[in-house]
Amino acid sequence: MRIGIGYDIHRLVKGRDLILGGVKIPYEKGLEGHSDADVVLHAISDALLGAASKGDIGELFPDTDPKYKDVKSAELLEKVYALIKDKGYVINNIDTIIIAEEPKFTPFKKQIQQNIARLLNIPADRVGVKAKTNEGLGGIGKKGAIASYAAVLLELKKKKGD
Ligand code: MG
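What this report covers is the structure whose coordinates are included nearby.

Reading the values: the criteria
Residues numbered from 1 in each chain as written. Predicted model: local features only at pLDDT ≥ 70, side-chain atom pairs only at ≥ 80, totals over all residues. Heavy atoms only, no water. Donors = N, O, S within 2.8 Å, 3.2 Å for Na, K, Ca; no water. Buried < 20%, exposed > 50% of the residue type's maximum accessible area, 1.4 Å probe, protein only. Helix = DSSP H or I, 4+ residues; strand = E, 2+ residues; numbered from the N terminus. Lys, Arg positive; Asp, Glu negative; His and termini not counted. Salt bridge = Lys/Arg side-chain N within 4 Å of Asp/Glu carboxyl O. Polar contact = N/O pair within 3.5 Å; in protein donor to acceptor, adjacent residues only side chain to side chain. Contact = heavy atoms within 4.5 Å. Pairing = 2+ DSSP bridges.

## Points about the coordination of the magnesium ion
Protein coordination at the magnesium ion comes from Asp 8 (OD), His 10 (NE2) and His 42 (ND1), with a distance range of 2.1 to 2.2 Å. Along the chain, the residues donating to the magnesium ion fall in the pattern D-x1-H-x31-H. Exposure remark for Asp 8: the relative accessible area of 15% places this residue in the buried category. A relative accessible area of 17% places His 10 in the buried class.

Rendered as C-alpha cells:
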C-alpha cells in the first residue's frame, strides 16, 4: 500500500470556464492557469505521483512548455495514471476536498465524483468528493481562488504467479 497527498490552488478570474473534476460548473468566473486550471484533477494527479514517488505535475508538465497551453487536465491525469499503472499500481480509493466560497457545490458533487471515477476507470464508491467554504477567510474566503486537496491509496497489483 502507498499513500499520496496532493494540493492545488488557482485564482478565480473573469472570462474563464470553471472546470472542477473535469466538470464544467456554471459560475461567473473560472480558474486562471496555463492549462484549464482544474485544481481537483491537479491535486489528484499530484497525489497519485506522490504515492508512487514519481515527482509532481509541475515537473512532468512545465507551465513554460507551450505544449501544455490550455491542455485539459483530464489529459494530464490520464498521462499520470498511465505512469502509475506502468509501475504496477492500482487505485484503492481517492478522497478529495474542494475549498471554495462560491458557487455551492452540493448539486455538482455527485457529477464530479462520477467523472473522476470514469476518468480513472474505477467504481464511483472509491471516490470521495467533499466541498467546504473557507469561512470568509483569506484569498479563498474573498472569492479570489479555489483550492483542492486529494489523498489516494495505491495498491501494488499482484502479478500472475505471486
Ligand atoms: Mg494547478
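## Concerning the side chain of Lys 29
Assignment of secondary structure puts Lys 29 in strand E4 (residues 29–31). Buried Lys 29, no salt bridge; nearest opposite-charge side chain is Glu 28, N-O distance 4.9 Å. Separated by 3.3 Å, the side chain of Lys 29 and the backbone oxygen of Lys 143 make a polar contact. Sequence-distant contacts of Lys 29, defined by excluding residues within four places in its chain, comprise Leu 12, Val 13, Lys 14, Arg 16, Leu 18 and Lys 143.

## Overview of the pairing of strand E1 (residues 2–14)
As judged from the 10 bridges shared by E1 and strand E7 (residues 145–156), these two strands associate in the antiparallel manner. Bridge assignment links Tyr 7 to a residue of E7, and that residue is Tyr 149. Pairing between E1 and E4: 3 bridges, direction antiparallel. Its bridge partner being in E4, Leu 12 is matched across the sheet by Leu 31.

Read these as geometric descriptors, not functional statements.
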